[in-house]
Amino acid sequence: YSGSAGFRAKCGSDMGFVTAAHVAPTVNASCSFNGAVCGTVKKIASTTAGDASFIAVNTDVFFPTVYTAWTKTKLEKNYVAHSCLQRLTAVAEGTSTGKAINALVEFTNGSLNLDIGGSVKNITNLVYALYLNQNVRNEHGDSGCIVYMQGLINGQSVNNYVGGALCGSALGSENKYF
């Protein structure tokens, strides 16, 4: 499996990050970054309502930060509630594309069939976003990457708030899902 680190998180006393469950579908499996083992899959939420895995990291080798990999954008500690995402700009920064890719959130009740560890599951409550530049799209290997938000909710900025982790893009589609 290949994919991207999503956002920094804690699970109990473990420091780590969230990625897509279809990237890290097996509990206790090792995860590598640039050829070095950086952590272990501790928890998976691969239900119909989610596609996420928590990776506990060895902080001697890898330490998740509040900065994105490519644009060095500092992420806020806050997140945007699922119900408030519509009409915001979603920005994804994945390992394969190596840059920020913007999309406008169209609706928040999407679904997609995903192969998670050899079992196909219909994931619901996904956010659908339309790419703002149709010539630049996320690629294989971007799954699980950070998605952060840009825009205003009731006049308040939500710039750089966590939106989630990238679930994927439908091949040949104008949409990405998270």
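Residues numbered from 1 in each chain as written. Predicted model: local features only at pLDDT ≥ 70, side-chain atom pairs only at ≥ 80, totals over all residues. Heavy atoms only, no water.

Asks: What should I look at first to understand the overall build of the protein chain in this one?
Replies: Per the secondary structure count, the protein chain includes zero helices and 14 strands. Against the globule reference of 16 Å for 178 residues, the protein chain gives a C-alpha radius of gyration of 15 Å, in line with a compact fold. With the principal axes as the frame, the protein chain shows a C-alpha extent of 40 × 35 × 30 Å. Going through the 178 residues of the protein chain one by one, you find that 45% of them count as buried. When contacts within the protein chain are restricted to residue pairs at least 6 apart in sequence, long-range pairs at least 24 apart make up 57% of them. Of the roughly 9100 Å² that the protein chain leaves accessible, carbon and sulfur atoms contribute 49%. (Helix = DSSP H or I, 4+ residues; strand = E, 2+ residues; numbered from the N terminus. Rg over C-alpha atoms; globule rule 2.2 N^0.38 Å. Buried < 20%, exposed > 50% of the residue type's maximum accessible area, 1.4 Å probe, protein only. Contact = heavy atoms within 4.5 Å. Areas by Shrake-Rupley, 256 points an atom, 1.4 Å probe, with all protein chains shown as cover.)

Asks: Just checking my understanding: could you explain the nonpolar core for this structure?
Replies: Generally speaking, nonpolar side chains in soluble globular proteins are found buried as a group. Among the nonpolar cores identified, the biggest contains 15 residues, and Val80, Leu85, Leu88, Val105, Val147 and Met149 are the most heavily contacted of them. Elements that contribute at least two residues to this core include exactly strand S6 (89-93), strand S7 (100-116), strand S8 (119-131) and strand S9 (146-150). (Core = buried A, V, L, I, M, F, W, Y, C linked by side-chain atoms within 4.5 Å.)

Asks: Quick question: what am I supposed to make of the confidence of the model for the protein chain here?
Replies: As a note on interpretation, predicted positions should not be read in detail where pLDDT is low. Mean pLDDT for the protein chain: 85, with 92% of residues reaching 70 or above. Per-residue pLDDT, averaged within each element of the protein chain, yields its smallest value for strand S14 (residues 175-177) (60) and its largest for strand S11 (residues 156-157) (96). (pLDDT = per-residue confidence, 0-100.)

Asks: Explanation requested: the sheet that holds strand S1 (residues 7-11) in the structure shown.
Replies: The strands making up a sheet associate through backbone hydrogen bonding, with each pair oriented either parallel or antiparallel. Here five strands make up an open sheet; going across it, the order is S1-S2-S5-S4-S3 and the pairing antiparallel. At either end of the open sheet lies a strand with only one pairing partner, and these are S1 and strand S3 (30-33). On average, each strand axis in the sheet is inclined to that of its neighbour by 40°, with strand direction left out of account. Bridge count for strand S4 (residues 36-45) against strand S5 (residues 52-57) is six bridges, and the pairing is antiparallel. Pairing of Thr40 across the sheet is with Ala56, part of S5. (Pairing = 2+ DSSP bridges. Axes fitted to C-alpha atoms, helices over the stretch in contact; angles between N-to-C directions.)

Asks: Would you explain unusual backbone geometry in this entry?
Replies: Generally, phi is negative for residues other than glycine and the peptide bonds are trans, each holding for most cases. Look at Asn28: it is not a glycine, yet its phi comes out positive at around 75°. For Asn28, a relative accessible area of 57% corresponds to the exposed category. Residue Asn160 is not a glycine yet carries a positive backbone phi of 70°. Considering the arrangement of structural elements, one finds Asn160 in the loop between S11 and strand S12 (161-165). Asn160 gets classed as buried once you look at its relative accessible area, which sits at 18%.

Asks: Which parts of the structure should I look at to understand the packing of aromatic side chains?
Replies: Aromatic ring pairs are reported here in terms of the distance separating the ring centres and the angle at which the planes meet. Taken as a whole, this structure holds three aromatic pairs when the rule is applied. An angle of 35° between the planes, with centres 4.5 Å apart, marks the rings of Phe107 and Tyr128 as tilted. Separated by 21 residues along the polypeptide, Phe107 in strand S7 and Tyr128 in strand S8 bring together distant segments of the chain. Judged by its relative accessible area of 33%, Phe107 falls in the partly exposed class. Taken together, the aromatic side chains of Phe17, Phe33 and Phe62 make up a single cluster linked through ring pairs. (Phe/Tyr/Trp six-rings, centres within 6.5 Å; stacked < 30°, edge-to-face > 60°.)

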